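Residues per chain are reported as follows:
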Amino acid sequence: MDAKLRKWPYRKLKDAAHFLWNRLKIRRVPLGSRTDLTLDYALDIVLEPCFRLIDKGYLNHLGPVMVVLVIVLTLSIIAILLLVMLPWYLQYRNILLVVWHFPVATYLFFSISFHYIQGLRTPPGYPPPAQYSSANQIQPLCSKCQGLKPPRTHHCTICNRCILRMDHHCPWLNSCVGHYNHRYFFSFMLYMWFGSAYLCIFVYPEFKELYYLPVNHPEVYSMMQNASSSGTVYVPENPVHRLHRRSVIYMFLLSGAASISVFCLLMWHVTLISCGETSIEAHINKKETKRLAAQGRKYDNPYDFGFWGNWRNALGVSHNNFRWRHLLWFSVHQPEGNGVQWETSVHEHC
């Protein structure tokens, strides 16, 4: 092996360490002598090269890949259900199961597809031009893009612009989650979790029969002794049954992993909505709560309107225009407000 190739990992690590050391010197942070250095500030300094590599390195190109991945995985499940599981159930199972599962699966598929497509095509919302601000209301400017920065607006380094009521940059949408597409993002997560959990429960009896119980259908499976072990292995007797077995494995593992991961993310956003916060505001409010608690004061979130009020604001419905079809059907209604001026819990305008 060439000597230059052998030194390549070492040189990369050395360059990264050198870059980090320079950042520490620029910030003038002697970690051993500073007494006012907090853990959050130290982590920000140490992880800044990683953030820069992530933001500027591959996340700009990762978004389209993640969108294609979501579409491919979802369509693969639909293809297996229609081409493999449906004929199998019509031949070997009770037709009443098909009558029950087919409309439920259709509703979940179109709900997931609708909210995901709307989340992709709906901009999160951007601050208006400078002429929007009035004479008696001074809007702060963003230090990065030099544009107006209304309340609850934050700058996204990946999109390279400010986002109204920014929650986070979502690679699955290849865009930020903001004021105008937050409801579509949350509904997509909700239906995706419900669909994944429903599919996992629906496929589990087949999975259990294939792996945990002896096969009771000799016309479907045949037995053979494994030469390398003493156990009995049940193998499909023809390609159709082999395809069914692999399809069950694929759907169960994929739906199980998706339901667990999406459930964790869904619960995090349920907590945020219930508190009237975004992901960014949750960290800001946490720091403000600690800072004021040290002074013997209490911090109140100005955008917290109570549990039901926060959910009405997040779903874009109020007492006057609430309809169940807004939640259970394919609704394109806009959220309340323009994302620039916000009413606070003390009924003052920001």
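Criteria and thresholds
- Residues numbered from 1 in each chain as written.
- Predicted model: local features only at pLDDT ≥ 70, side-chain atom pairs only at ≥ 80, totals over all residues.
- Heavy atoms only, no water.
- Helix = DSSP H or I, 4+ residues; strand = E, 2+ residues; numbered from the N terminus.
- Expected span 1.5 Å × (residues − 1).
- Buried < 20%, exposed > 50% of the residue type's maximum accessible area, 1.4 Å probe, protein only.
- Core = buried A, V, L, I, M, F, W, Y, C linked by side-chain atoms within 4.5 Å.
- Patch = residues over 30% accessible without salt bridge, like charges linked within 9 Å, V, L, I, M, F, W, Y side chains within 5 Å.
- Areas by Shrake-Rupley, 256 points an atom, 1.4 Å probe, with all protein chains shown as cover.
- Salt bridge = Lys/Arg side-chain N within 4 Å of Asp/Glu carboxyl O.
- Phe/Tyr/Trp six-rings, centres within 6.5 Å; stacked < 30°, edge-to-face > 60°.
- Lys NZ or Arg CZ within 6 Å of the ring centre and 35° of its normal.
- Contact = heavy atoms within 4.5 Å.
- pLDDT = per-residue confidence, 0-100.
- Arc of directions from axis to C-beta.

Chemist: Would you take a moment to explain helix α4 (residues 95-121) for this structure?
Modeler: Residues separated by three or four positions in an α-helix point in the same direction, a consequence of the helix having 3.6 residues per turn. The end-to-end C-alpha separation of α4 is 39 Å, in line with the 39 Å expected for 27 residues at 1.5 Å each. Taken together, the buried positions of α4 are occupied by V98, H101, V104, L108, S111, I112, S113, F114, H115, Y116, Q118 and G119.

Chemist: What is the right way to read the nonpolar core from this model?
Modeler: Nonpolar side chains in soluble globular proteins tend to be buried together. Residues Y116, L173, F185, F186, F188 and M189 are the most contacted members of the largest nonpolar core, which totals 23 residues. A total of 7 residues in this core trace back to one element, the largest contributor, which is helix α5 (residues 182-211). Residues I80, L81, V84 and C200 belong to the second largest nonpolar core, which totals 17 residues.

Chemist: Just to check I follow, could you spell out a nonpolar patch on the surface for this structure?
Modeler: Among the surface-exposed residues, L90, I95, L96 and V99 lie close enough to one another that they form a single nonpolar patch of about 410 Å² accessible area. Here the element with the most residues in the nonpolar patch is α4; it accounts for 3 residues. Structurally, L90 is set in helix α3 (residues 39-92).

Chemist: Is there a simple way to explain the pattern of salt bridges in this structure?
Modeler: A side chain with one charge can pair with a side chain of the opposite charge if their charged atoms come near. Taken as a whole and judged by the stated rule, the model has 2 salt bridges. In this structure, R152 engages E281 in a salt bridge whose closest nitrogen and oxygen atoms are separated by 2.7 Å. Residue R152 is found in the loop between α4 and β1 (154-156), and its partner E281 is found in helix α7 (residues 279-294); the two are separated by 129 residues along the sequence. Under the relative-accessibility criterion, R152 is labelled buried at 11%. Residue E281 is classed as buried on the basis of its relative accessible area of 7%. E288 is paired through a salt bridge with R291; the nearest N and O atoms lie 2.7 Å apart. Of this pair, E288 and R291 are both found in helix α7, 3 residues apart, which corresponds to roughly one turn of the helix. With relative accessibility at 41%, the residue R291 sits in the partly exposed group.

Chemist: Would you mind going over the environment of I158 with me for this structure?
Modeler: Tracing the sequence through the fold places I158 in the loop between β1 and β2 (161-163). For I158, a relative accessible area of 19% gives the class buried. Remark: the alpha-carbon pair of I158 and N174, spanning 16 residues in sequence, is separated by 9.8 Å.

Chemist: Sorry, what's going on with the packing of aromatic side chains here?
Modeler: The way to describe two aromatic rings as a pair is by their centre distance and the angle between their planes. Taken as a whole and assessed by the stated rule, the structure comprises 15 aromatic pairs. For the ring pair F109 and F110, a centre distance of 5.3 Å and an interplane angle of 65° mean the geometry is edge-to-face. The exposure class assigned to F109 is partly exposed, which follows from its relative accessible area of 22%. According to the relative accessible area criterion, F110 is partly exposed, its value standing at 46%. Here the basic side chain of R152 rests over the ring of Y303, its NZ or CZ set 4.3 Å away from the ring centre. The aromatic ring of Y126 is capped on one face by R161, whose charged end is 3.6 Å from the ring centroid.

Chemist: Before we go on, may I ask you to explain the side chain of T122 in this structure?
Modeler: In this structure, T122 sits in the loop between α4 and β1. Setting aside chain neighbours within four positions, we find T122 in contact with Y180, N181 and Y184.

Chemist: Quick question: what am I supposed to make of the confidence of the model for the protein here?
Modeler: Low pLDDT marks stretches whose predicted atomic positions should not be read closely. Considering every residue of the protein, the mean pLDDT works out to 77; 69% of them sit at 70 or more. Confidence, expressed as mean pLDDT per element, reaches its minimum in the protein at strand β5 (residues 221-225) with 43 and its maximum at strand β4 (residues 175-177) with 93. Between residues 1-10, whose pLDDT stays under 50, and residues either more than four places distant or in other chains, the model counts 1 contact. The model gives residues 213-235 a pLDDT under 50, and that stretch makes 33 contacts with residues more than four places away or in other chains.

Chemist: Please explain α7 as it appears in this structure.
Modeler: The end-to-end C-alpha distance of α7 is 24 Å, a good match for the 22 Å that 16 residues give at a rise of 1.5 Å each. For α7, the complete set of buried residues consists of S279, E281, A282, N285 and L292. An end-on view of α7 places all buried positions within 140° of arc, on one side of the element. Projecting away from the buried face of α7 at angles above 90 degrees are the exposed residues H283, K286, K287, K290 and A294. Along its buried surface, α7 packs onto β3 (168-170) and α6 (239-275). One or two steps after α7, the chain reaches G296, where phi turns positive at roughly 75°.

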